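# Overview (structure and organization)
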Amino acid sequence: MDGGSTNAASGAVEVRAVRGDLADAGLPRALPTADLVWASRVVHHLPDQQEAVGTVAAVAKAGGLVALAEGGLDFRCLPWDLGVGRPGLEDRLLAAQAEWFIGMREGIEGAVAMPYGWSVALERAGLTDVDSFGALVHHPAPGPAMLADYVVHRVARIFEFGGEYLTPNDRETLTSLLDPDSPHHLATRRDLYLTGAKTVHCGRRP
């Protein structure tokens, strides 16, 4: 986590890194209060997500804004029919990722269920003016030069985490798609794209 200050005369900004554990309810005492507290895709990894939201909220000063980037629409990047394996591979990849996420949460020691959405979690943390907005990511094919590398990295990561939930045929297909020496290597395609959305949930500390 970072703290910072601005020298009004020079316009310089001082940034100080503070190492802390978001699962530690005492963390706010180690940090200065802030006008904006931002947490991106980290709270869902904590054993007690509601408690972590409360910890984040406690860092904000009165009137300060708390923003959590969590959820949204899954990114999609692959054509329906890749010319190898069964069509619809990306749907099955995302389903496998969801199964992995369930197992990840179940495997966290002391995990506490949070059977409601992030906006409710912000309200329960005592925040007001709770709202959400989405940020669209849309790179149609063929996309920028770095898109293919990103897609390869993304697919490989989901395969690494969720491969056990896929069929042997899908695992074989993915091995071919991710092999630089394969004629089906994803990086050689011109029809990759990236479309999805991130959701940011906000609230103010009274």
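Heads up: these notes are all about the structure in this document. (Residues numbered from 1 in each chain as written. Predicted model: local features only at pLDDT ≥ 70, side-chain atom pairs only at ≥ 80, totals over all residues. Heavy atoms only, no water.)

With that settled, consider the packing of helix α2 (residues 89-106) against helix α4 (residues 147-162). Remark: α2 packs on α4, axes separated minimally by 9 Å, with the N-to-C direction vectors making an angle of 50°. As the angle between them shows, α2 and α4 are arranged oblique. Considering only the axes of α2 and α4, their crossing is left-handed. Contact residues: α2 offers Leu 93, Leu 94, Ala 96, Gln 97 and Trp 100, while α4 offers Arg 154, Val 155, Ile 158, Phe 159, Phe 161 and Gly 162. Tallied by class, residues from the contact of α2 with α4 come to eight nonpolar, two polar and one charged. (Axes fitted to C-alpha atoms, helices over the stretch in contact; angles between N-to-C directions. Helix = DSSP H or I, 4+ residues; strand = E, 2+ residues; numbered from the N terminus. Parallel < 35°, antiparallel > 145°, perpendicular 65-115°, else oblique. Left-handed = near helix turned anticlockwise from the far one by under 90°. Contact = heavy atoms within 4.5 Å. Nonpolar A, V, L, I, M, F, W, Y, C, P; charged D, E, K, R; others polar.)

With that settled, the discussion passes to the packing of α2 against helix α5 (residues 168-177). Packing of α2 against α5 leaves a shortest axis separation of 12 Å and a crossing angle of 105°. On the basis of the axis angle, α2 is roughly perpendicular to α5. For the pair formed by α2 and α5, the contact residues are Leu 89, Arg 92 and Leu 93 on the first element and Asp 170, Thr 173, Leu 174 and Leu 177 on the second.

With that settled, consider the sheet that holds strand β6 (residues 194-204). Strand order in the open sheet made by the four strands is β3-β4-β6-β5, with mixed pairing throughout. Only two strands of the sheet have a single partner each, and these edge strands are β3 (34-40) and β5 (128-139). Neighbour-to-neighbour, the strand axes of the sheet open up by a mean angle of 20°, direction not taken into account. (Pairing = 2+ DSSP bridges.)

Time to look at the pairing of strand β4 (residues 60-76). Judged from the six bridges that link them, β3 and β4 form a sheet pairing that is parallel. Note on β4: the bridge partner recorded for Val 37 is Val 66. The β-α-β motif built from β3, the intervening helix α1 (residues 49-59) and the parallel element β4 has right-handed crossover chirality. (Right-handed = clockwise from strand over helix to strand, strands pointing away.)

Moving on, we get to the packing of aromatic side chains. Within a pair of aromatic rings, the relevant descriptors are the distance that separates the centres and the angle that separates the planes. The full count for this structure, using the stated rule, is one aromatic pair. Aromatic side chains Trp 100 and Phe 161 sit 4.8 Å apart centroid to centroid with 15° between the ring planes, which places their arrangement in the stacked category. Linking Trp 100 in helix α2 with Phe 161 in helix α4, this pair joins segments that are 61 residues apart in sequence. By relative accessible area, Trp 100 is classed as partly exposed at 23%. A relative accessible area of 29% means that Phe 161 is categorised as partly exposed. The residue whose ring lies beneath Arg 124 is Tyr 116, and the NZ or CZ to ring-centre distance is 4.0 Å. Of note, Lys 198 hangs over the ring of Phe 75, and the distance from its end group to the ring centre comes to 4.7 Å. (Phe/Tyr/Trp six-rings, centres within 6.5 Å; stacked < 30°, edge-to-face > 60°. Buried < 20%, exposed > 50% of the residue type's maximum accessible area, 1.4 Å probe, protein only. Lys NZ or Arg CZ within 6 Å of the ring centre and 35° of its normal.)

Going through the model one piece at a time under the given rule, you end up with four salt bridges. The closest approach of N and O atoms between Lys 61 and Asp 35, which form a salt bridge, is 3.6 Å. One end of the pair, Lys 61, is in strand β4; the other, Asp 35, is in strand β3, with 26 residues separating them in the sequence. Owing to a relative accessible area of 32%, Lys 61 belongs among the partly exposed residues under this scheme. The class for Asp 35 is exposed, based on a relative accessible area of 54%. With its nearest N and O atoms 2.6 Å apart, the salt bridge here joins Arg 92 to Asp 170. (Salt bridge = Lys/Arg side-chain N within 4 Å of Asp/Glu carboxyl O.)

So, on to the environment of Gly 85. With respect to the element layout, Gly 85 can be found in the loop between β4 and α2. With 85 residues separating them along the chain, Gly 85 and Asp 170 place their C-alpha atoms 6.8 Å apart.

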